Amino acid sequence: MSGSSVFISRIRGLPVVDTDGDQIGKLRDVVVGFRPGVQAPRVRGLVVELFARQRIFVPMLRVHSVDAVQVVISGVVNTRRFSRRDAETLVVDDLVDQPVRRRGHPGPQVVYDVSMREVRNREWELAEVAVRERSGGRFRRRSHVTIVDWRDVVVGVQQTGQETEQLVARMEDMKPADIARELHDLSPARRADVVRALSDEVLADALGELPEDEQVELISSLETERAADVLEEMDADDAADLIGELAPDLAERLLGEMETEDAEDVRRLLSYEESTAGGLMTPEPVIVATGATVSEALALVRAEDLTPALASMVYVCRSPYETPTGPFVGGVHFQRLLREPPSTLVSALVDSDLEPLKASSTLAEVSRYFATYNLVCAPVVDPDNHLLGAVTVDDVLDHMLPEDWRGDQMDGMTPVDDEVAPAGPAGGRATDGQRDRLG
């Protein structure tokens, strides 16, 4: 350790455990992606060796904590064999013992060790480099090790100058919609190079922002294993929408390649009509037990991977707590949680005036429901009052807008103009397609 930095050599070989303390494997390497200029490379994830000697990739979003004793990870881990993507660099395999140039310092040097630090919640980057002078000759003498900031060295892999790597590095800092626009504007050959180099998480986020036909074309062009990995990283409702547009044999092949839990969520969503609450919902809302406190609920809605819409409401249910849950007790608005003492039971704060949606509720009924209750997130239950999921306002809007609104927007056309004015719950004009969807 060096302050808040963690040197890779100190944690390499440490046990990797889940939140229950059960060991999954051992840490073998750290995967990073270089960024333009002197920005420190972003840490994408860890290479973990399972007991069967197979190495897998664990994204940093799954890394709960790193210390001198162990690495704790959370969530579902993909056990597929690790395969390095273009524009990815392994710290131990690619950087350690490699020659570098230290700015303002004459003479060749080599990398002895590299540290990383957490800059934001579960977002890490390389911090320091331990370097030593590179000695030549037959009889080498161990030289003094100096620790310098990452920005004070020039590493060979930074100087490749390859356009694809530079574009991928820029995309790491873009919003998904902006990445999608970049992919939309690339030539097919260039797009294939970039897609091959992007991480599964970044590609999954961008994929949901592409026009529908381009989503189908892109996912169909990937190898089955990679396509399944990307679909697992997508929100279940977005993955279901995409799989529903694929040829049946390809869809079934991808579902069979996905992790069982993710595939089950998608299959369940596919069983509902697309323009119903069941077809629109996500199966992973924020769920708490009847005995949960306000402080526990607030800790859950702080999760970085939650969208603002999903984080706007917490749902109280009885066991089991995975959808479909036990009996649904009610929903609690995020703002209500902020106004109550931390020790208050969430179950005492449910909005008793909020009736949940049925899975069969039509798009017109869902849109009127959102307008009536001024919501951005709403619960969906089955006939036995078990929580199935939640519908968010972005999914409602996505189905109310013209079918190819994303493509029109990327091509520079205004999605809403005098000729096309989508009708919302409050009225207005609608296209024929919108009238069909709204009923």
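A quick note: this is a predicted structure, and the numbers were derived from the prediction, not measured.

Student: Could you give an account of the overall build of the protein, naming the residues involved and the relevant values?
Tutor: Of the regular secondary structure elements, the protein holds 18 helices and 19 strands. The 439 residues of the protein split such that 47% are buried. Taking all contacts inside the protein whose residues are at least 6 apart in sequence as the whole, residues at least 24 apart take part in 57%. In the structure as shown, the protein presents an accessible area of about 22,000 Å², 47% of it carried by carbon and sulfur atoms.

Student: Tell me about the pattern of salt bridges, and name the residues and values.
Tutor: Scanning the model with the defined rule gives 17 salt bridges in all. Between Glu123 and Arg42 there is a salt bridge whose closest N-O contact spans 3.8 Å. With Glu123 in strand 11 (residues 123-133) and Arg42 in strand 4 (residues 42-50), this pair connects stretches of sequence that are 81 residues apart. Arg42 carries the same exposure label as Glu123, and that label is buried. In this structure, the salt-bridge partner of Arg55 is Glu49, at a minimum N-O distance of 3.1 Å.

Student: An account of the packing of helix 8 (residues 224-233) against helix 10 (residues 248-257) is needed here, citing residue identities and associated values.
Tutor: At a closest axis distance of 9 Å, the pairing of helix 8 and helix 10 adopts a crossing angle of 75°. Looking at the two axes, helix 8 sits roughly perpendicular to helix 10. Contacts between helix 8 and helix 10 involve Thr224, Glu225, Ala227, Ala228, Leu231 and Glu232 from the first element and Arg253, Leu254 and Glu257 from the second. A per-class count over the contact of helix 8 with helix 10 returns four nonpolar, one polar and four charged.

Student: Before we move on, can you summarise the side chain of Ser199 with the specific residues and values?
Tutor: Position of Ser199 among the secondary structure elements: in the loop between helix 5 (188-197) and helix 6 (200-207). By relative accessible area, which is 8% here, Ser199 ends up buried. A polar contact of 3.3 Å, which involves the side chain of Ser199, links it to the backbone nitrogen of Val202. The residues touching Ser199, leaving out its near neighbours within four places in the chain, are Arg44, Glu172 and Arg226.

Student: So, the environment of Asn385: which residues are in play, and what are the values?
Tutor: Along the chain, the position of Asn385 falls in the loop between strand 18 (377-381) and strand 19 (387-392). Here the alpha-carbon distance between Asn385 and Pro327, two residues 58 residues apart in the chain, equals 5.7 Å. Contact partners of Asn385, with chain neighbours within four places excluded, come to Gly326, Pro327 and Phe328.

Cut-offs applied
Residues numbered from 1 in each chain as written. Predicted model: local features only at pLDDT ≥ 70, side-chain atom pairs only at ≥ 80, totals over all residues. Heavy atoms only, no water. Helix = DSSP H or I, 4+ residues; strand = E, 2+ residues; numbered from the N terminus. Buried < 20%, exposed > 50% of the residue type's maximum accessible area, 1.4 Å probe, protein only. Contact = heavy atoms within 4.5 Å. Areas by Shrake-Rupley, 256 points an atom, 1.4 Å probe, with all protein chains shown as cover. Salt bridge = Lys/Arg side-chain N within 4 Å of Asp/Glu carboxyl O. Axes fitted to C-alpha atoms, helices over the stretch in contact; angles between N-to-C directions. Parallel < 35°, antiparallel > 145°, perpendicular 65-115°, else oblique. Nonpolar A, V, L, I, M, F, W, Y, C, P; charged D, E, K, R; others polar. Polar contact = N/O pair within 3.5 Å; in protein donor to acceptor, adjacent residues only side chain to side chain.

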